[in-house]
Amino acid sequence: MGEPLLLAQAIAIPTGVAVLAYLVVGLVIGVESMGVPLPGETTLIAAALLASQHHLKIEFVILAAALGAIVGDSIGYFIGRKAGRSLFERLGRRFHHFSEDRIARAEKYFHKYGVWTVFFGRFVALLRIFAGPMAGMLRMHYPRFLAANAAGGIAWATTIGVVAYKIGDNADKIFGRVSVGALIAVAVVAVGLYVVHKVRKRRREQASAAETAAVESADV
């Protein structure tokens, strides 16, 4: 029996009230989105499993998860905007998730891909925690952030919720395989893009050198 199913039972047995389960989903995901390392995705999967067993409504599970993601990210955004880099330095001393290397990598993604990092970051554990505070720290335009944040939160909650609901107690195993496969795919794409970038850069340098040599020859 997987971790999400155990968590699902832990949510259902003590409370016995569906409304509290929805609040737990929204709260855990919201706090995670603010920058605190909590098992947001596992909580969403657990709630979807409860829905598949008719203890909850999948529509409300997805709604709670999406709202938690959007509100939590927005709060994280304003915290990051106000506190700046010092926030990450303080968190780095308390949580290994906020190590200097990880912060540098997340910042690199934000500078390179902008709002797409916010959207797709919702599907990546590390960026899911960093997205709000990092966007605020880097002074991303809030309306753009909110649009990407809302779209990513809704897409993530719907995708994970519906898939977990459909596949039942095999969700954690399947998501584990998907995560590994996705990681390999991302790595391959990243290496390919890096190689293409290097080749293009070298060609530009060679072309520039050839032009410089041609100009110098003409002057002589």
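Nothing here was measured: the structure is a model prediction, and the numbers come from that model.

Calculation rules
Residues numbered from 1 in each chain as written. Predicted model: local features only at pLDDT ≥ 70, side-chain atom pairs only at ≥ 80, totals over all residues. Heavy atoms only, no water. Helix = DSSP H or I, 4+ residues; strand = E, 2+ residues; numbered from the N terminus. Buried < 20%, exposed > 50% of the residue type's maximum accessible area, 1.4 Å probe, protein only. Contact = heavy atoms within 4.5 Å. Areas by Shrake-Rupley, 256 points an atom, 1.4 Å probe, with all protein chains shown as cover. Axes fitted to C-alpha atoms, helices over the stretch in contact; angles between N-to-C directions. Parallel < 35°, antiparallel > 145°, perpendicular 65-115°, else oblique. Left-handed = near helix turned anticlockwise from the far one by under 90°. Nonpolar A, V, L, I, M, F, W, Y, C, P; charged D, E, K, R; others polar. Phe/Tyr/Trp six-rings, centres within 6.5 Å; stacked < 30°, edge-to-face > 60°. Lys NZ or Arg CZ within 6 Å of the ring centre and 35° of its normal. Core = buried A, V, L, I, M, F, W, Y, C linked by side-chain atoms within 4.5 Å. Expected span 1.5 Å × (residues − 1).

**Q** Is there a simple way to explain the overall build of the protein chain in this structure?
**A** Helices and strands together make up the secondary structure of the protein chain, namely 10 helices and zero strands. Across the 220 residues that make up the protein chain, the buried fraction comes to 38%. Within the protein chain, counting contacts between residues at least 6 apart in sequence, those at least 24 apart form 77% of the total. When the accessible surface of the protein chain is totalled, it reaches about 12,700 Å², and 65% of it is carbon and sulfur.

**Q** When you look at the packing of helix α2 (residues 18-33) against helix α3 (residues 40-52) in this model, what are you seeing that I'm missing?
**A** When two helices pack together, you describe them by how their axes are tilted relative to each other and by the distance separating the axes. Contact pair α2 / α3: the axes reach a minimum separation of 8 Å and the direction vectors enclose 165 degrees. Between α2 and α3, the angle falls in the class roughly antiparallel. Here the hand of the crossing between α2 and α3 comes out left-handed. The segment α2 lies against α3, with Val24, Val25, Val28, Ile29 and Glu32 engaging Gly40, Glu41, Thr43, Leu44 and Ala47. Looking at the contact of α2 with α3 residue by residue, the classes come out as six nonpolar, two polar and two charged.

**Q** What should I look at first to understand the packing of aromatic side chains in this one?
**A** What characterises a pair of aromatic rings is the spacing of the ring centres plus the angle enclosed by the ring planes. With the rule as written, the count across this model stands at nine aromatic pairs. Ring geometry for Trp116 and Phe120: centres 5.8 Å apart, planes at 25 degrees, overall stacked. Of the two residues, Trp116 and Phe120 are both situated in helix α7 (residues 115-121); the distance of four residues between them amounts to about one turn of the helix. Residue classification places Trp116 among the exposed residues on the basis of a relative accessible area of 53%. A relative accessible area of 48% means that Phe120 is categorised as partly exposed. An angle of 85 degrees between the planes, with centres 4.9 Å apart, marks the rings of Phe119 and Phe120 as edge-to-face. Every member of this aromatic cluster is reached through a ring pair, and the members are Tyr77, Phe78, Tyr142 and Phe145. One Lys or Arg, Arg122, reaches over the ring of Trp156 and ends 5.0 Å from the middle of that ring.

**Q** Looking at this model, I keep getting lost on the packing of α3 against helix α9 (residues 142-167). Mind explaining?
**A** At a minimum axis separation of 8 Å, α3 and α9 run at an interaxial angle of 45 degrees. With respect to their mutual orientation, α3 and α9 come out oblique. For the crossing formed where α3 meets α9, the hand is right-handed. For the pair formed by α3 and α9, the contact residues are Gly40, Glu41, Leu44, Ile45, Ala48, Leu49, Ala51 and Ser52 on the first element and Trp156, Ala157, Ile160, Gly161, Ala164 and Tyr165 on the second. Class assignment of the residues belonging to the contact of α3 with α9 gives a composition of 10 nonpolar, three polar and one charged.

**Q** It is not clear to me how the nonpolar core should be interpreted in this structure. Could you clarify?
**A** Across soluble globular proteins, nonpolar side chains show a tendency to be buried alongside one another. Core analysis: the largest hydrophobic core is formed by 23 residues, its most contacted members being Ile29, Leu44, Leu56, Val61, Ala65 and Trp156. Apart from residues lying up to four places away in sequence, Val61 is in contact with Tyr22, Val25, Leu44, Ala47, Ala48 and Leu56. The next biggest cluster of nonpolar side chains, apart from the first, holds 15 residues, and it includes Tyr77, Phe130, Met134 and Phe145.

**Q** What is the right way to read α9 from this model?
**A** Since one α-helical turn is 3.6 residues long, residues separated by three or four positions face the same way. The end-to-end C-alpha separation of α9 is 37 Å, in line with the 38 Å expected for 26 residues at 1.5 Å each. Residues of α9 that are buried: Phe145, Ala148, Asn149, Gly152, Gly153, Trp156, Ala157, Ile160, Gly161 and Ala164.

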